[in-house]
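Coordinates in review
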Amino acid sequence: MSTEAAPAGTTSRWIKCISTQGTVRGIAIQATDLVRELVALHKLEGASARGLGEAVMAGLLLGSYCKEGERVNLNVQGTGAFSQALVDAYPDGRVRGYVVERKGGSQAAARVAFEGDFPDGPWGSGLLSVLRTKDGEGERPYIGTVPLVTGHLAKDLTFYWAQSEQVPSSVGLVVDLEGDSVKAAGAFLIQAMPGASPTDVRIIDEHIAQTHDLAMEFEGATDPLQFLSRIFRDMSFLLVEERPLRSYCNCSWERVERALSLVGVQELRAMLAEDRGGSIQCDFCSKTYHLDALALERLIEKSGGGPGNSTLH
Ligand SMILES: [Zn+2]
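These numbers were taken from a predicted model, which means no experiment stands behind them. (Residues numbered from 1 in each chain as written. Predicted model: local features only at pLDDT ≥ 70, side-chain atom pairs only at ≥ 80, totals over all residues. Heavy atoms only, no water.)

**Digging into the coordination of the zinc ion**
Donor atoms from the polypeptide that bind the zinc ion are C249 (SG), C251 (SG), C282 (SG) and C285 (SG), placed at 2.3 to 2.4 Å. Coordination at the zinc ion is tetrahedral: its 4 donor atoms span angles of 103 to 114° at the metal. Counting residues between consecutive donors of the zinc ion along the chain gives the motif C-x1-C-x30-C-x2-C. Highlighted residues: C251 in the loop between strand 11 (246-247) and helix 8 (253-261) and C282 in the loop between strand 12 (277-281) and strand 13 (288-292), separated in sequence by 31 residues. The burial state of C251 is the same as that of C282; both residues are buried. (Donors = N, O, S within 2.8 Å, 3.2 Å for Na, K, Ca; no water. Tetrahedral: all angles 85-135°; square planar, octahedral: opposite > 155°, others 65-115°. Helix = DSSP H or I, 4+ residues; strand = E, 2+ residues; numbered from the N terminus. Buried < 20%, exposed > 50% of the residue type's maximum accessible area, 1.4 Å probe, protein only.)

**Describing the sheet that holds strand 2 (residues 24-30)**
Judged by pairing direction, the sheet is antiparallel, and its 5 strands sit side by side in the order 8-9-2-1-10 without closing on themselves. Only two strands of the sheet have a single partner each, and these edge strands are strand 8 (169-178) and strand 10 (237-244). Averaged over all neighbouring strand pairs, the angle between strand axes comes to 10°, with direction disregarded. Sheet topology places strand 2 next to strand 9 (residues 181-192); 7 bridges connect them, and they run antiparallel. Bridge assignment links I29 to a residue of strand 9, and that residue is A187. Strands in contact with helix 1 (residues 32-41) are strand 2 and strand 9; relative to strand 9, the strand with the most contacts, it is inclined by about 125°. Set on the sheet, helix 5 (residues 198-210) makes contact with strand 2, strand 8 and strand 9; between it and strand 9 the angle comes to about 170°. (Pairing = 2+ DSSP bridges. Axes fitted to C-alpha atoms, helices over the stretch in contact; angles between N-to-C directions. Contact = heavy atoms within 4.5 Å.)

**Remarks on the packing of aromatic side chains**
How two aromatic rings sit relative to each other is given by the distance of their centres and the angle of their planes. Throughout the structure, instances matching the rule amount to 7 aromatic pairs. On the numbers, 5.0 Å between centres and 40° between planes, the contact of F82 with W123 is tilted. You can see F82 sitting in strand 4 (residues 82-89) and its partner W123 sitting in the loop between helix 3 (107-115) and strand 6 (126-134), a full 41 residues away along the chain. There is no split in this pair, since F82 and W123 are both buried. Taking the centre distance of 6.0 Å and the plane angle of 70° together, the rings of Y160 and W161 count as edge-to-face. (Phe/Tyr/Trp six-rings, centres within 6.5 Å; stacked < 30°, edge-to-face > 60°.)

**Details of the side chain of Q84**
Mapped onto the secondary structure, Q84 falls in strand 4. In terms of polar contacts, Q84 uses its side chain to reach the side chain of N75, at 3.0 Å. Excluding residues that lie within four positions of it along the chain, Q84 makes contacts with N75, V76, Q77, Y98, V99 and V100. (Polar contact = N/O pair within 3.5 Å; in protein donor to acceptor, adjacent residues only side chain to side chain.)

**Regarding helix 2 (residues 46-64)**
Helix length check: helix 2, at 19 residues, gives a terminal C-alpha distance of 27 Å against a target of 27 Å (1.5 Å per residue), a fit within 8%. Of all 19 residues in helix 2, 19 are buried; the element is thus mostly enclosed. (Expected span 1.5 Å × (residues − 1).)

**So, the environment of Q163**
When you line up the elements, Q163 lands in helix 4 (residues 153-164). Using a relative accessible area of 47% as the deciding quantity, one classes Q163 as partly exposed. With 17 residues separating them in the primary sequence, Q163 and V146 have C-alpha atoms 7.5 Å apart.

**A short note on the pattern of salt bridges**
Enumeration according to the criterion identifies 14 salt bridges in this entry. Each member of the salt-bridge network shares a partner with another, and the members are K16, E68, E241 and R243. (Salt bridge = Lys/Arg side-chain N within 4 Å of Asp/Glu carboxyl O.)

**Topic: the pairing of strand 4**
For a regular strand, side-chain orientation follows a simple rule: the groups alternate between the two sheet faces. Burial of strand 4 is extensive: 7 of the 8 residues sit out of reach of the surface. In terms of strand pairing, strand 3 (residues 70-78) meets strand 4 through 5 bridges, oriented antiparallel. Across the sheet, the residue bridging to V76 is A85, located in strand 4. Relative to strand 5 (residues 94-101), strand 4 runs antiparallel, the two being bridged by 7 bridges. Its bridge partner lying in strand 5, A89 is registered against V95. In this antiparallel pair of consecutive strands, strand 4 and strand 5, the connection spans 4 residues, and G93 shows a positive phi of 90°.

**So, the packing of helix 5 against helix 7 (residues 224-232)**
At a minimum axis distance of 8 Å, the contact between helix 5 and helix 7 shows a crossing angle of 125°. Looking at the two axes, helix 5 sits oblique to helix 7. For the pair helix 5 and helix 7, contact is made by I204, H207 and I208 and by R230, I231 and F232, respectively. The residue inventory of the contact of helix 5 with helix 7, partitioned by class, reads 4 nonpolar, 1 polar and 1 charged. (Parallel < 35°, antiparallel > 145°, perpendicular 65-115°, else oblique. Nonpolar A, V, L, I, M, F, W, Y, C, P; charged D, E, K, R; others polar.)

Structure, rendered in structure tokens:
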């Protein structure tokens, strides 16, 4: 089993295990601190905080079984409370992500979607895409896309694993709120591996069904291992990995300049003329990069190319 010391002040981590027969594997995530941190970064509360928490943990579940050097990009585009969620996650437990609240929508609209009687589930209908990329040049990314069938992210992820990766899975995502604050956040993924008998699958399904109050399971400092023990029960299992989770972002001045140089000289000149400078904010971590007039002039001189797409990521 591999373990790693958690950064100070966080209890957020995942624990992975596999049955001794190798037929069932599971991961449980305790992410209360991590989700609180990201929610504060994006200044979200209530149902919007819940949406971000769900998306981030979904990304972590997807990233958890990547190989080293790979990363996962989860892109959810729906008609529900959010028009989009984007999450990048690594198998070493790093994650970043954001949600785009529906235009003209509000946190109140998100609340209706999550807590009210929303016909399509809070995420609505749309598409769920998972892009797996390997660091380094020349590697072909793998992309799997499924429709949002229920508008509930956990259920639609179950569908993703069945459809796109042919792995029978059970997924849970919980963000429990107290007022508008995050009280607890946790997630799990249990998967039947090749060789799993129908009995194995039935037993695990029954145990999951009996875990009726998932929120309770993840409150406070509940150990994700305890959760897995309750799912596996008398099916013996091995602990494979315990890993701390942390938010990260790789935005930098260089990336900002590269993104701005693609905007086009004319737009840069307009920025210079209008505001004697400009600023650009990273969607993932909310960091703002300010460019004064001099920096902008330097950039205009350096670029000189035609218009293009601006992206910071
Ligand atoms: Zn950033």
